Amino acid sequence: MAKRIEALDLSCYYGKHKAVENVTMTIEPKAVTALIGPSGCGKSTFLRSLNRLHEVIPGAHITGQVLLDDRDIYAPGVDPVALRRSVGMVFQRPNPFPTMSIFDNVAAGLKLGGSKGKDLEVVVERALTGAHLWAEVKDRLKKPALALSGGQQQRLCIARAIAVEPEVLLMDEPCSALDPISTLAIEDLIAELKDRYTIVIVTHNMQQASRVSETTGFFTLAGAGQPGVLVEFDATSRIFSVPSDKRTEDYITGRTG
Amino acid sequence: MSATAMSGPGAASTSQVWKVTGRRAVVNRLMTMAMYLAFLIAVIPLALVIWYTVGKGMTRFGWSFLTHSMAGVGPDDITGGIYHAIIGTVEQLFIAAAISVPLGLLVAIYLNEYGAKGFSTVVRLLVDVMTGIPSIVAGLFVLAFWVLGLHEGYSGFAGSMALAILMLPVVTRSSEEMLRLVPDTLREAAYALGIPKWRVILSIIVPTARTGITTGIMLAVARVTGETAPLLLTAAGTLFVNKNVFHGQQEALPLYVFSSAASGTPADVNRAWAAAFTLILIVVLLYVIARLLTRRDATRR
Amino acid sequence: MTQSTPAVGSPPTATGTPRRARRIEPFRGITFAAAVLVLLILGAIAVFLVVKAIPSLKKDHSNFFTTKGWAPDGDPPMFGIAVLVFGTILSSVIALVLAIPVALGVAIFVVEYAPRRLATWLGYLIDMLATVPSVVYGLWGLIFLVPHIRGFQHFLATKFGWIPIFDDPNNRTSVASRSIFVASVVLAIMVLPVIAAISREVLRQVDPNLKEAALALGATRWEMVRYALLPPSRPGIIGGIMLGLGRALGETIAIALVLGTSFAVSFHILQPGGNTIAANIANYFGEAGTTGRSALIATGLVLFIMTLCVNLIARTVIYRAAVKQGTAR
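A brief structural summary.

Procedures and definitions
- Residues numbered from 1 in each chain as written.
- Chains lettered and ligands numbered in written order.
- Predicted model: local features only at pLDDT ≥ 70, side-chain atom pairs only at ≥ 80, totals over all residues.
- Heavy atoms only, no water.
- Helix = DSSP H or I, 4+ residues; strand = E, 2+ residues; numbered from the N terminus.
- Rg over C-alpha atoms; globule rule 2.2 N^0.38 Å.
- Buried < 20%, exposed > 50% of the residue type's maximum accessible area, 1.4 Å probe, protein only.
- Contact = heavy atoms within 4.5 Å.
- Areas by Shrake-Rupley, 256 points an atom, 1.4 Å probe, with all protein chains shown as cover.
- Lys, Arg positive; Asp, Glu negative; His and termini not counted.
- Charge placed at Lys NZ, Arg CZ, Asp CG, Glu CD.
- Pairing = 2+ DSSP bridges.
- Buried area = accessible area lost by both parts, 1.4 Å probe.
- Salt bridge = Lys/Arg side-chain N within 4 Å of Asp/Glu carboxyl O.
- Polar contact = N/O pair within 3.5 Å; in protein donor to acceptor, adjacent residues only side chain to side chain.
- Core = buried A, V, L, I, M, F, W, Y, C linked by side-chain atoms within 4.5 Å.
- Phe/Tyr/Trp six-rings, centres within 6.5 Å; stacked < 30°, edge-to-face > 60°.
- Lys NZ or Arg CZ within 6 Å of the ring centre and 35° of its normal.

1. Here's the deal with the overall build of chain A
Moving on, step 1. A tally of regular secondary structure across chain A gives 10 helices and 10 strands.
Moving on, step 2. For chain A, whose C-alpha radius of gyration is 18 Å, the value lies close to the compact-globule estimate of 18 Å for 257 residues.
Moving on, step 3. Projected onto its principal axes, the C-alpha positions of chain A cover 55 × 45 × 30 Å.
Moving on, step 4. Every one of the 257 residues in chain A was classed for burial, and the buried ones make up 57%.
Moving on, step 5. Within chain A, contacts between residues separated by at least 24 positions form 68% of all contacts whose residues are at least 6 apart in sequence.
Moving on, step 6. When the accessible area of chain A is evaluated, it comes to approximately 10,200 Å², of which 50% is carbon and sulfur surface.
Moving on, step 7. If the 29 positive side-chain charges of chain A are averaged to one point and the 30 negative ones to another, these points end up 5 Å apart.

Below you can see the structure in the form of structure tokens.
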């Protein structure tokens, strides 16, 4: 089910401003790929171009190609809305829909995305189990989602994302707003999820990247006021022990921030 | 500057240590008194207005007052009531809301969720202009267009059209504000799930903002409940109960207060007070409910 | 990422992603149509008022702008807005002069001087008072204020009659008091909660750091108010005042009740009589013939234009003040 993503010479623009320049990388299925680098160097922008969420901002566009299992997701005739059911996303701050219960949140993607006829209860249970949240909430599915703790809310968002059965899961710093215990819980979850999905995780936390990912990409700014670029993309073990590029090494060892 | 400073060791035992004296202190005291005075000056007439209305209104207020109309009641008779006026006001407000709320909400959605650069600015500007339309001008328009121009004649419906014109910009503006308060991250989460935009708006964004939007609507209704001028020219008023809001002149509470007050006979004036009291009750009720609702707002932290 | 005008699926520039099929979204069309409809309504209002006003203007045998009488159904029709515009502006100006200092004082009082718990309730109270219908103020003005203020008016006329506006040549203030002055007082009372409510809201939103900084420098409470609280609030307070002005200009019912149906107005505000555009429409509408109605519509048009100008001036003033402060958006 999980799919391979290939970015070919991808550049991301906000209007005339180029935020990310010429990224080429291959993201393997059923694995975790981490994107690390200092703030503001385009990691999140790049991530958002993989599910075409980037273009929700007026004037935002890309050049280059993004292939999902050899099919260009930016080809004419591709419906971004349909695409996003295949490529899901979890965000930095947990964002359950405030007016909905836990059950309705998880079911939201299905009910509102137009998949009819599926047995919602089965799907919700499956998703919550997959997100390691089922045991904690199974007795209060109809309670408001906001009553959950931060870590639980983020797992709820993960459940919501996997309920629509995507092939890829994009995660934009999913643990940065959480306490260390919840962070570890989510990292365990990611280790399990990678058996079924292609996972791309943007993180500020280098230790996290080295813990959870097989492959790591290091982004940085080409220079002051310049767009972000992909400096190095390699197996995680190599990036963190013998990086090829000096910039990567500086970042890893903390010489640059 | 004349602040008296400490004068060396041992001065800590003095009670008068740091003190602002002279002109600055005097000015400060004067202005403090001025603020209290302003408050009093404001409170007194406003309290008088409320006090008087409640006091005089309560004498004539009562069940029979609420359930009888002015049919067959002369200006000096002490019977009669506002039943016809209440029916008229309720029906007119209902229709005014039915027109202005969906329309205002749709425009607010367009401005905040879709919107094209130049066009949106123009629409916002003109909606702002519309908030400033004097109520009598709104009445004049409906008079010129509907009552006379299309020869539809006076009716409660014409009145509700004028009221809708007054409500529309208020509903639009407050709804837009409320939609804007919904955090973008919710929109992103919804788009990322592959939910089409219109569904995101109707099933997620609007419900999240629904408390604020409802408050805005109730406040708009409270504001037009007491509008007399536009109704003078459109619904025109009558002594009789008219349950058909689409046909024929209809009475309304503020109209009733106006005509009774203008008539001047003691009986009419007494009824005017009672009707004014009823009006204030309704407006205050709407206002209180709106305020209570804001406590349950989903967009407040 | 701000999304002030989001648009999913909008085609990018020529050098970028190839054009893709635009998703057809009927809902977007519906909301767009609603926006267009609102514009049409506003346009229709302007157009109709003009169209219906013109017949009377053509028949007017006198200069519409300078004539002081009102006889549009007469033979020949002679009417003018001089008295009405004058009365409208005069009563609104006096009302504002009376209301602004008090409203500002109340707002500052509630925000700064009142005890905290009382302040919240007072805030609600002021908001609520701003929604009391004007017809109630009119009723109160007519029944209570007119008789009770006679003594005060007479006092003004006798002790301060040397000031031209308080002049009372025929000693009418001892008996009658349905004057522009009383009407303005009622207007002031009505407009006061509006200005106070808005000012209070604006003052409440001033950054507490600014206030603390002033106090930390050794300012007295009044100095803190004057130098730290009021300046950043100026655009918002002006907006509130303009809103109050707009309400005063358009106020129909309270004035119609207090002033009755007179047509004379002079600078002597204590003299009985006076009229405003809005009150005139309300009072004469019932007995107006075709030309009369058209003439009233013409005055309504003038009122509309006046409030429009006030609105636009207010926006410009507020914008300029915000630019000076650096808070313009």
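This is not the end of the story, as more comes after the structure.
2. Observations concerning the overall build of chain B
Moving on, step 1. Each helix and strand counted, chain B has 12 helices and 2 strands in total.
Moving on, step 2. When the helices and strands of chain B are read in sequence order from the N terminus, they spell out β-β-α-α-α-α-α-α-α-α-α-α-α-α.
Moving on, step 3. What you see for chain B is a C-alpha radius of gyration of 27 Å, clearly larger than the 19 Å of a compact globule of 301 residues, by over 25%.
Moving on, step 4. If you line up chain B on its principal axes, its C-alpha atoms span 90 × 65 × 35 Å.
Moving on, step 5. Relative to its 301 residues, chain B shows a buried fraction of 55%.
Moving on, step 6. Intrachain contacts of chain B at a sequence separation of at least 6 include 71% that bridge at least 24 residues.
Moving on, step 7. Working note: accessible area of chain B is about 12,800 Å², and carbon and sulfur atoms make up 68% of it.
Moving on, step 8. Averaging the positions of the 22 positive and the 14 negative side-chain charges in chain B gives two centres separated by 14 Å.

3. Quick notes on the pairing of strand E6 (residues 87–90) of chain A
All names here are of chain A.
Moving on, step 1. Burial of E6 is two-sided: the residues Val-87 and Met-89 facing one way and the residues Gly-88 and Val-90 facing the other way are all buried.
Moving on, step 2. Where E6 and strand E7 (residues 168–172) come together, 4 bridges link them in parallel fashion. By the bridge assignment, Val-90 is partnered in E7 with Met-171.

4. Here's the deal with the interface of chain B and chain C
Moving on, step 1. Contacts between the two partners involve 84 residues from chain B and, on the opposite side, 79 residues from chain C.
Moving on, step 2. Both sides together, the interface formed by chain B and chain C hides about 7,600 Å², and carbon and sulfur atoms give 79% of it.
Moving on, step 3. In this assembly, chain B and chain C are joined by 3 salt bridges.
Moving on, step 4. With its nearest N and O atoms 3.9 Å apart, the salt bridge here joins Asp-127 of chain C to Arg-291 of chain B.
Moving on, step 5. Summed over the shared surface of chain B and chain C, the result is 6 residue pairs in polar contact (both at pLDDT 80 or more).
Moving on, step 6. With 18 residues, helix H1 (residues 23–60) of chain B is the largest single contributor of residues to the side of chain B that touches chain C.

5. A word on the pattern of salt bridges
All names here are of chain A.
Moving on, step 1. Here the structure, examined in full by the defined rule, presents 27 salt bridges over all chains.
Moving on, step 2. The residue Asp-172 makes a salt bridge to Arg-48 at a minimum N-O spacing of 2.9 Å. You can see Asp-172 sitting in strand E7 and its partner Arg-48 sitting in helix H1 (residues 43–49), a full 124 residues away along the chain. Side by side, Asp-172 and Arg-48 carry an identical accessibility label, which is buried.
Moving on, step 3. Among the ionic pairs, Arg-52 bridges to Glu-55, the shortest N-O distance being 3.2 Å.

6. Observations regarding the environment of Val-202 of chain C
All names here are of chain C.
Moving on, step 1. Checked against the element boundaries, Val-202 lands in helix H6 (residues 180–204).
Moving on, step 2. A sequence separation of 72 residues divides Val-202 from Ala-130, and the C-alpha atoms of the two residues are 16 Å apart.
Moving on, step 3. In this structure, Val-202 is in contact with Ser-233, Gly-236 and Ile-237, ignoring residues within four places of it in sequence.

7. Quick word on the nonpolar core
Residue and element names in this part refer to chain A.
Moving on, step 1. Within the largest apolar cluster, 230 residues are counted, with the highest numbers of intra-cluster contacts made by Met-25, Phe-46, Phe-97 and Phe-219.
Moving on, step 2. Beyond its immediate stretch of four places on either side in the chain, Phe-46 contacts Ala-7, Leu-10, Cys-12, Val-20, Val-23, Met-25, Leu-35 and Phe-219.
Moving on, step 3. Counting 46 residues, the second largest nonpolar core, distinct from the first, contains Leu-156, Val-164, Leu-193 and Val-229.

8. Some points on the packing of aromatic side chains
Moving on, step 1. Per the stated rule, a full pass over the model turns up 20 aromatic pairs over all chains.
Moving on, step 2. Centroid distance Phe-145 of chain B to Phe-48 of chain C: 4.9 Å. Interplanar angle 75°. Geometry classified as edge-to-face. You can see Phe-145 of chain B sitting in helix H5 (residues 135–149) and its partner Phe-48 of chain C sitting in helix H1 (residues 26–59), one on each of two chains.
Moving on, step 3. Ring centres of Trp-121 of chain C and Tyr-124 of chain C lie 5.8 Å apart, and the angle between their planes is 85°; this geometry places the pair in the edge-to-face category. With Trp-121 of chain C and Tyr-124 of chain C both in helix H3 (residues 116–129) and 3 residues apart, the pair spans about one turn of that helix.
Moving on, step 4. Among the aromatic side chains, those forming a connected cluster through ring pairs are Tyr-52 and Trp-273 of chain B together with Trp-140 and Phe-144 of chain C.
Moving on, step 5. The ring of Phe-103 of chain A has Lys-142 of chain A lying over it, and the distance from NZ or CZ to the ring centre is 4.4 Å.

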